[in-house]
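# An overview of the molecular structure
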Amino acid sequence: MSIVEQITALVRQKSDEYQASDPGQYNFWNGHLKYVYHEATELAKRYGADLEIVQLGALLHDIALLEKVGAKADHHKNGKKLAEQILRGHGCPDDKMQRVLGCILHHRSSKNAENIEELCVADADILAHFDNIPMLFDAAYNLHKMVGLENVREFMRGTFEKDFDDLSNRTKAEFESRYRMICDVVLADSV
């Protein structure tokens with residue numbers, strides 16, 4: 001079994017455990033991680049990035065949230081530490097591990113990316129939000145306790161705009177028509 005397959009199994013197990021600890025908890029795998037993994041894989045192929053590094057970075061980028069370690073604002077830093085332990089335990093070579101850890105540390109915005117692998121993971125993290133729009137509705141209604149469709153639309157408009165702005169210029173150019181279509185359909189107006 002490859003290291004990507006091993007880490008996929010581990011992350012799926014941790015997602016199941018996270019949700020089982022409180023049935024109301026978020027399902028990280030089905031709600032976010034599988035979308036990030038898919039988008040990161042596609043971007044890596046398109047941009048000529050190291051596929052294994054990108055896939056491992058995508059799988060582990062939110063590991064601190066799954067493990068409930070530290071504040072959400074620091075999950076990229078805490079995730080880097082946790083991922084290092086996991087990767088060492090799976091025999092990942094140090095040079096490869098350092099590149100995966102960079103993907104985790106810099107996944108919060110492609111503006112922080114120092115190489116193409118980091119850019120792929122950061123952009124995939126954003127694109128995953130567009131792949132799972134019901135998650136944003138759930139956040140608006142349940143997490144933020146919003147009332148009224150117009151309030152939800154404003155929340156989603158702000159989220160979409162921030163996410164789109166955080167994409168790298170390369171991905172933004174490729175994604176723009178899809179972004180505009182999503183906004184037209186979900187927000188029932190044009191951006």
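Heads up: the structure comes first, above all this text.
Below is a summary of the structure that appears in this document. (Residues numbered from 1 in each chain as written. Predicted model: local features only at pLDDT ≥ 70, side-chain atom pairs only at ≥ 80, totals over all residues. Heavy atoms only, no water.)

If you look at the biggest cluster of nonpolar residues, it comprises 59 residues, and the most contacted ones within it are I7, V11, L60, L87, M156, F160 and F175. Those residues in contact with F175 that sit more than four places away from it in its chain are L127, F130, F164, L167 and I182. (Core = buried A, V, L, I, M, F, W, Y, C linked by side-chain atoms within 4.5 Å. Buried < 20%, exposed > 50% of the residue type's maximum accessible area, 1.4 Å probe, protein only. Contact = heavy atoms within 4.5 Å.)

What follows deals with the side chain of T41. Here T41 shows up in helix α2 (residues 28–47). For T41, a relative accessible area of 9% puts it in the buried group. A polar side-chain atom of T41 sits 3.2 Å from a polar atom in the side chain of Q55. Residues contacting T41, with those up to four places away along its chain left out, are L51, V54 and Q55. (Helix = DSSP H or I, 4+ residues; strand = E, 2+ residues; numbered from the N terminus. Polar contact = N/O pair within 3.5 Å; in protein donor to acceptor, adjacent residues only side chain to side chain.)

Turning next to the packing of aromatic side chains. Applying the stated rule across the entire model yields seven aromatic pairs. Summarising the aromatic geometry, the rings of F164 and F175 are spaced 6.4 Å apart at their centres and angled 35° between planes, so their arrangement reads as tilted. With F164 in helix α9 (residues 149–166) and F175 in helix α10 (residues 169–186), this pair connects stretches of sequence that are eleven residues apart. Geometrically, the ring pair formed by F175 and Y179 is tilted, given 6.5 Å between the ring centres and 40° between the ring planes. Taken together, the positions of F175 and Y179, both in helix α10 and four residues apart, correspond to about one turn of that helix. Considered together, F175 and Y179 belong to a single accessibility category, that of buried residues. Lying across the ring of Y18, K68 places its NZ or CZ 4.7 Å from the centre. Between the NZ or CZ atom of K172 and the centre of the ring of F164, over which it lies, the distance is 5.6 Å. (Phe/Tyr/Trp six-rings, centres within 6.5 Å; stacked < 30°, edge-to-face > 60°. Lys NZ or Arg CZ within 6 Å of the ring centre and 35° of its normal.)

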